[in-house]
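# Per-entry structural report
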Amino acid sequence: MKLTKSDPKISNLIRKEFKRQNGELQLIPSENFSSEAVREALGSVFTHKYSEGQISKRYYEGNEIVDEIEALCKKRALEAFGLSKKWHVNVQAYAGSIANLAVYNALLKPGDKIMGMYLFDGGHLSHGWKYKNKKITLSSKIYNVAYYFVDPKTGKFDYDEVEKKVLKEKPKILISGGTAYPAEINHSRLSKIARKVKAFYLADIAHEAGLVAGGVNKSPFPYADIVTMTTHKTLRGPRGALIFSKEESSEQIDRSVFPGMQGGPFNNNIAAIAVCLKEAKSKKFKQYVEQIVRNAKKLAQELVKYGFDVVSKGTEKHLILVDLRSKEINGMYAARALKFAGITLNKNTVPGETSSPFKPSGIRLGTPTVTTRGMKEKEMVQIAKWINEVIEAAIPYSDLSFEDFEDQLASIPEIPKVKKEVKYLCSKFPLPK
Ligand SMILES: Cc1ncc(COP(=O)(O)O)c(C=O)c1O
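In this section: the overall build of the chain. Summing up its helical and strand segments, the chain has 17 helices and 17 strands in all. C-alpha atoms of the chain, sized along the principal axes, occupy 65 × 60 × 40 Å. Looking at the 433 residues of the chain, the share that counts as buried comes to 57%. Of the contacts made within the chain by residues no fewer than 6 positions apart, 72% connect residues no fewer than 24 positions apart. When the accessible area of the chain is evaluated, it comes to approximately 19,700 Å², of which 54% is carbon and sulfur surface. Looking at charge distribution, the chain has the averaged site of its 69 positive side-chain charges lying 2 Å from that of its 48 negative ones.

This part covers the packing of helix H5 (residues 96–107) against helix H10 (residues 247–261). Remark: H5 packs on H10, axes separated minimally by 8 Å, with the N-to-C direction vectors making an angle of 115 degrees. In terms of crossing hand, the pair formed by H5 and H10 is right-handed. Contacts from Ile98, Leu101, Ala102, Asn105, Ala106 and Leu107 in H5 reach Ser249, Gln252, Ile253, Ser256, Val257, Gly260 and Met261 in H10. Looking at the contact of H5 with H10 residue by residue, the classes come out as eight nonpolar, five polar and no charged.

We now examine the state of the cysteines. In total, this model carries zero disulfides according to the counting rule given. Looking at the unpaired Cys276, the closest cysteine sulfur is the one in Cys73, lying at 7.8 Å. Among the residues examined, Cys276 registers a relative accessible area of 1% and is labelled buried.

The four strands are arranged E13-E14-E17-E16 in an open sheet whose pairing can be described as antiparallel. Where the open sheet ends on each side, the last strands, each with one partner, are strand E13 (309–310) and strand E16 (346–348). Note: E16 against strand E17 (residues 362–366), three bridges, orientation antiparallel. Bridge pairing links Lys347 to Ile363 in E17. With respect to the sheet, helix H13 (residues 331–340) is in contact with E16 and E17, its orientation differing from that of E17 by roughly 45 degrees.

With that out of the way, let us pick up the nonpolar core. Nonpolar side chains tend to gather and get buried jointly when the protein is soluble and globular. In this structure, Phe81, Met229 and Phe244 are the most contacted members of the largest nonpolar core, which totals 59 residues. The element that contributes the greatest number of residues to this core is helix H11 (residues 267–280), accounting for eight residues. A domain split of this core shows at least three residues from each of domain 1 (41–280) and domain 2 (283–428). When near neighbours in sequence (up to four residues on either side) are disregarded, Phe244 contacts Ala77, Leu78, Phe81, Leu83, Trp87, His88, Val89, Phe221, Asp225, Ile226, Val227 and Met229. Ranked by size, the runner-up nonpolar core spans 44 residues in total, among them Leu27, Leu338, Ile343 and Ala394.

We now examine the site of the ligand. The immediate surroundings of the ligand are formed by 14 residues, with Gly96, Ser97, Asp204, His207 and Lys233 found nearest. Between an oxygen atom of the ligand and a side-chain N or O atom of Ser97, the distance comes to 2.7 Å. Between the ligand and the protein, one listed contact pairs an oxygen atom with a side-chain N or O atom of Lys233 at 3.1 Å. Top contributing element to the shell around the ligand by residue count: H5, with three residues.

A separate point is a positive patch on the surface. On the surface, Arg15, Lys16, Lys19 and Lys423 cluster together into a positively charged patch. The biggest single contributor to the positive patch is helix H2 (residues 8–23), with three residues. Take Lys423: it is sitting in helix H17 (residues 414–428). Relative accessible area serves as the criterion here: at 55%, Lys423 is assigned to the exposed category.

Our focus in this paragraph is a nonpolar patch on the surface. Together, Leu3, Ile10, Leu13 and Ile14 make up a nonpolar patch on the protein surface, roughly 350 Å² of accessible area in all. Counting residues per element, the nonpolar patch draws most heavily on H2, which supplies three residues. Locating Ile14 in the fold gives a position in helix H2.

In the segment running from Phe258 into Pro259, the intervening peptide bond is cis, with an omega of 10 degrees. Tracing the sequence through the fold places Pro259 in helix H10. With phi around 65 degrees, Asn133 is a residue other than glycine that occupies positive phi space. Looking at where Asn133 falls in the secondary structure, it is placed in the loop between strand E6 (130–131) and strand E7 (134–135). On the accessibility criterion, Asn133 (70% relative accessible area) is exposed.

Criteria and cut-off values
Residues numbered from 1 in each chain as written. Predicted model: local features only at pLDDT ≥ 70, side-chain atom pairs only at ≥ 80, totals over all residues. Heavy atoms only, no water. Helix = DSSP H or I, 4+ residues; strand = E, 2+ residues; numbered from the N terminus. Buried < 20%, exposed > 50% of the residue type's maximum accessible area, 1.4 Å probe, protein only. Contact = heavy atoms within 4.5 Å. Areas by Shrake-Rupley, 256 points an atom, 1.4 Å probe, with all protein chains shown as cover. Lys, Arg positive; Asp, Glu negative; His and termini not counted. Charge placed at Lys NZ, Arg CZ, Asp CG, Glu CD. Axes fitted to C-alpha atoms, helices over the stretch in contact; angles between N-to-C directions. Left-handed = near helix turned anticlockwise from the far one by under 90°. Nonpolar A, V, L, I, M, F, W, Y, C, P; charged D, E, K, R; others polar. Disulfide = S-S within 2.5 Å. Pairing = 2+ DSSP bridges. Core = buried A, V, L, I, M, F, W, Y, C linked by side-chain atoms within 4.5 Å. Domains from an automatic or database assignment. Near = heavy atom within 4 Å. Polar contact = N/O pair within 3.5 Å; in protein donor to acceptor, adjacent residues only side chain to side chain. Patch = residues over 30% accessible without salt bridge, like charges linked within 9 Å, V, L, I, M, F, W, Y side chains within 5 Å. Salt bridge = Lys/Arg side-chain N within 4 Å of Asp/Glu carboxyl O.

Written out as structure tokens, the structure reads:
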């Protein structure tokens with residue numbers, strides 16, 4: 001029976017969410033719109049099957065087709081990143097955070113040290129997060145955590161400073177990657193630093209996976225011991241993760257994912273990841289990720305023209321971080337004002353953050369979904385204009401309490417005006433099939 005008949009409430013919520021995604025601008029850089037083919041695989045009968053274990057070594061009967069799909073997914077994953085048989089890939093991790101934890105679980109003993117980018121500078125929770133001596137994440141409860149920082153003056157790493165920190169902390173795993181670092185990462189340098197302290201070098205390219213597959217960001221594979229990534233951001237797949245490792249650690253990693261941390265893999269997800277990896281090998285995908293970066297560069301340039309302090313003066317990726325401290329409005333207020341105008345992005349901490357993650361000083365935005373819709377530089381010029389218009393109009397109200405600020409938003413004339421214009425633009429660039 002169709003969902004509309006069997007469960008109209010859920011069906012209605014799906015319809016409403018589609019309308020929200022389609023009728024507004026989605027600028028959260030960790031999100032994307034997957035293809036219809038990806039979603040067809042995701043909704044397939046593979047969701048019914050239990051397949052704990054590895055290909056040809058399963059605990060349940062009936063996995064001959066699941067074996068085929070998992071083998072195909074692994075083959076496509078290696079091909080998408082141009083890897084030789086020296087690399088292995090695990091495609092079973094449920095999510096990027098689990099993938100990272102599975103790597104630590106495979107390679108470390110409890111109490112060993114992991115070291116990644118400081119969260120407020122753009123690092124990720126799954127790289128271990130301890131705040132004011134409170135161990136927030138499971139990884140920080142099991143392992144010791146240390147951080148390296150972004151130079152707040154440039155918004156980029158000073159690799160000599162990073163090296164000094166790493167030599168002092170001597171982690172067992174040095175992690176790169178983050179959620180809000182707009183510059184490319186120097187994997188060659190970081191891997192050399194890791195070698196100096198005999199640490200594994202883990203490159204977490206959750207955000208850049210599609211950009212690396214399409215050749216617009218440099219590949220970490222020549223340098224890293226392990227590479228993790230999510231499949232649902234620039235790679236345009238379903239939610240999920242991949243863990244690439246070399247022969248010497250691949251078995252430990254497989255065992256760490258199952259039975260170490262997970263039960264049965266989500267085979268429908270693995271099927272959908274296989275579909276997105278085929279898409280990622282196409283010439284069209286390469287052109288698509290090139291356009292993502294061109295769009296992000298243009299959007300950043302335009303924001304700079306309006307006087308926004310764009311961290312690291314631009315971007316080399318799909319994401320832009322804006323420090324609003326020079327604008328007398330914080331990220332929380334700016335993001336909510338833009339939301340009222342049909343522009344969804346997120347509040348974010350910035351390097352050298354002087355406030356809290358709840359009321360941070362910046363906003364983060366990106367171009368994957370708008371590029372998926374077919375927008376180009378011309379539309380980025382327009383989007384920057386709207387962002388400026390809304391933020392400038394909201395600034396006079398930014399000393400109100402958040403509740404009072406929200407109450408005021410609908411009465412600021414620029415907000416419904418921009419919302420209407422956004423809706424019109426979105427209607428010209430509908431969500432792709
Ligand atoms: C760098 C990085 N690693 C890991 C993750 C975690 O991915 P997931 O949300 O799938 O757990 C993210 C998600 O944003 C990320 O940005």
